[in-house]
Amino acid sequence: MKFAKILIPLIVSVLALGARVSPASDCSLSNLDSLGRAGTASAVLGPETIPDKDRSPISMFYPSGFRPNVKYDFIDGKYLYNRCHLIAFQLCGVDDERNLFTGTRYLNTHLMLPIENEVRGYIEETGHHVRYTVTPDFRDGESVCRGVTIEAYSVEDGNLKLAVYLKNVQPGVMIDYRTGNSSQAPTQMGKVEVYVLNSHTMKFHRPSCRAVNDIKQSNRDDYYGSRDDLLDMGYAPCKICGP
Ligand SMILES: [Zn+2]
């Protein structure tokens, strides 16, 4: 699935029932449900919602399914789970437990961040506004969401328009979405395969490939895990090194 690049027209969604407007911003956050899970978060983002303050500590919040101390050596930063914002702090400046969910490091930094950066860049460049909605995909009684849907639409000109579904996965790790428990994926237990990813071109390389040196640091990731997982995530093998 080529998740991050699909542009489809957005039907501006009606706010979820029960959503309420936070007085501190234009963010509309759903109340946590009976299982403590966040719901749809929505905002009209613009130059005035971009925070000029630093993020306040959020380590006292425990989003549903969160496990603070679960680490894997092959994960960048080690920790499997991050306290992820539904609507990024850099876009709305809201640290509120209703704006947080348990997301993998991979979802946070590799899937959500590029989109958030794009939206922020668009706002800074144009001074325009973006209708922005993030909906976590909680199934049945599960405490960790399977993914998030991000919808964005630039109000003044319609030039920015996207709707994507991003999976809450971590390469090499199996997650029990019911509880938040996790284990190393079986494919890794025998042989760990090492590749270098380019999140911009969505290609993966052998570490020795000459193209690796040309990857911008912000697009590069060292990957330890199965090739099949990579293909599932939408990566394609490099034509030079043929991994
Ligand atoms: Zn290559």
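Bear in mind the structure is a predicted one, so any value in this text is a computation, not a measurement.

Rules of the game
Residues numbered from 1 in each chain as written. Predicted model: local features only at pLDDT ≥ 70, side-chain atom pairs only at ≥ 80, totals over all residues. Pairing = 2+ DSSP bridges. Helix = DSSP H or I, 4+ residues; strand = E, 2+ residues; numbered from the N terminus. Buried ≥ 20, exposed ≤ 12 C-beta atoms within 10 Å, placed from the backbone. pLDDT = per-residue confidence, 0-100.

Draft legend 1. Quick look at the sheet that holds strand β14 (residues 236-237). Pairing within the open sheet is mixed, and its four strands lie in the order β13-β11-β12-β14. Unpaired on one side and paired on the other, β13 (220-225) and β14 mark the two borders of the sheet. Bridge count for strand β11 (residues 193-198) against β13 is six bridges, and the pairing is antiparallel. When the bridges of β13 are listed, Asn198 appears paired with Arg220.

Draft legend 2. Looking closely at the pairing of strand β3 (residues 41-45). Across the five residues of β3, four count as buried, placing the element largely inside the fold. By the bridge criterion, three bridges tie strand β2 (residues 27-30) to β3 in an arrangement that is antiparallel. Counted as the bridge partner of Leu29 is Ala41 from β3. Looking at chain direction, β3 and strand β6 (residues 130-136) are connected through five bridges and run antiparallel. Paired with Val44 across the two strands is Arg131, which belongs to β6.

Draft legend 3. Expanded view of the confidence of the model for the protein chain. Taken as a whole, the protein chain shows an average pLDDT of 86; of its residues, 87% reach a score of 70 or greater. By mean pLDDT, the top-scoring element of the protein chain is strand β5 (residues 100-104) (98), and the lowest-scoring one is strand β1 (residues 19-21) (37).

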